[in-house]
Amino acid sequence: SIFGAGLNPDQTTPDNSTIQQVIIGASNVRLSGLVINRDPTDGNAIAFAGTFSNITIDNCRFSRLTSTSDLSNLLLFNNIMGEDIGGFGRGTVVVTTGTSGLRMTNNILYGSSQGGANSSAWMHNFNGAIVEHNVFIGNTSGSTQSAFFVATNNSFKNNIFYGLRLRTTAGSFANNTFEYN
């Protein structure tokens, strides 16, 4: 686990704990209080080197999180995500469809996804996730950006979507429940 000073430390000199990139290679890992400032055009701020479980990422600021392997019990809370993201086909949180136990709570997600409405969605392959109490802020009028590309069997509760639409026109979006969004 890696613990940093937080996003806005209450100190005389509020220095952040800043790193370039994190590649997670184990289960039972917690990242907390870090600013991960990897340029999303150069790669992912947070990546996974295999199939892992029980990953908690809280009180961090980062542009992208991606995994090409199935994860279980991934918890994202109190983060600022998507900063400085841009470019065709860049998602903020991209996981495999076999990922289970994903919970995304109390996060702020914002950025500038360019390109077609389908490939610029911020969240890819959410299946059975709990997404609650988040603020999604897009930067386009007319809601041409999409929050989710593939989203199936998820629970969306008390989220705010501003400047982007909830789903794409091409990705699958089925059996999701919505409450107070």
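The structure contained in this document is the topic of the report that follows. (Residues numbered from 1 in each chain as written. Predicted model: local features only at pLDDT ≥ 70, side-chain atom pairs only at ≥ 80, totals over all residues. Heavy atoms only, no water.)

Some points on unusual backbone geometry
A negative phi angle is the norm for most residues apart from glycine, just as the trans form is the norm for most peptide bonds.
Inference 1: Residues other than glycine seldom take positive phi values, yet N175 does so here, at roughly 55°.
Inference 2: Within the secondary structure, N175 sits in the loop between strand 24 (173-174) and strand 25 (177-179).
Inference 3: A residue is classified by how much of its surface remains accessible, and N175, at 61% relative accessible area, is exposed.
Inference 4: A positive phi angle, close to 60°, is found at Y180, a residue other than glycine.
Inference 5: Its relative accessible area of 64% is what places Y180 among the exposed residues. (Helix = DSSP H or I, 4+ residues; strand = E, 2+ residues; numbered from the N terminus. Buried < 20%, exposed > 50% of the residue type's maximum accessible area, 1.4 Å probe, protein only.)

Considering the pairing of strand 10 (residues 71-77)
Inference 1: Examined bridge by bridge, strand 7 (residues 52-58) and strand 10 share six bridges and lie parallel to one another. Bridge assignment links S53 to a residue of strand 10, and that residue is S72.
Inference 2: Of the pairings in the sheet, the one linking strand 10 to strand 13 (residues 103-105) comprises three bridges and is parallel in character. Within the sheet, the bridge partner assigned to F77 lies in strand 13 and is T105. (Pairing = 2+ DSSP bridges.)

Considering the packing of aromatic side chains
Inference 1: Enumeration according to the criterion identifies seven aromatic pairs in this entry.
Inference 2: When the ring of F148 is compared with that of F156, the centres are 4.9 Å apart and the planes differ by 65°; the resulting orientation is edge-to-face.
Inference 3: By relative accessible area, F156 is classed as buried at 1%.
Inference 4: Judged by centre distance (5.1 Å) and plane angle (10°), the rings of F156 and F178 are stacked. With F156 in strand 21 (residues 155-157) and F178 in strand 25, this pair connects stretches of sequence that are 22 residues apart. (Phe/Tyr/Trp six-rings, centres within 6.5 Å; stacked < 30°, edge-to-face > 60°.)

Let's talk about the pattern of salt bridges
Between side chains of opposite charge, a pair can form as their charged atoms come close.
Inference 1: For the structure shown, the criterion picks out two salt bridges.
Inference 2: One salt bridge in this structure joins D58 and R30, with 2.9 Å as the shortest N-O distance. Placement of the pair is D58 in strand 7 and R30 in strand 4 (residues 29-32), with a sequence separation of 28 residues.
Inference 3: A salt bridge links E132 to R103; its shortest N-O distance comes to 2.3 Å. Taken together, the residues E132 in strand 17 (residues 130-132) and R103 in strand 13 connect sequence positions 29 residues apart.
Inference 4: For R103, a relative accessible area of 33% translates into the label partly exposed. (Salt bridge = Lys/Arg side-chain N within 4 Å of Asp/Glu carboxyl O.)

Remarks on the sheet that holds strand 8 (residues 61-62)
Strands in a sheet are paired, the pairing made by backbone hydrogen bonds, and the direction either parallel or antiparallel.
Inference 1: Strand order in this open sheet of seven strands is 2-5-8-11-14-18-22, and the pairing throughout is parallel. Of all the strands in the sheet, just strand 2 (17-19) and strand 22 (160-162) have a single pairing partner and so form its edges.
Inference 2: Inspection of the sheet shows strand 8 paired to strand 11 (residues 80-81) by two bridges, in the parallel sense. What sits directly across from F62, in strand 11, is M81.

Remember, this is a structural readout, not a statement about activity or role.
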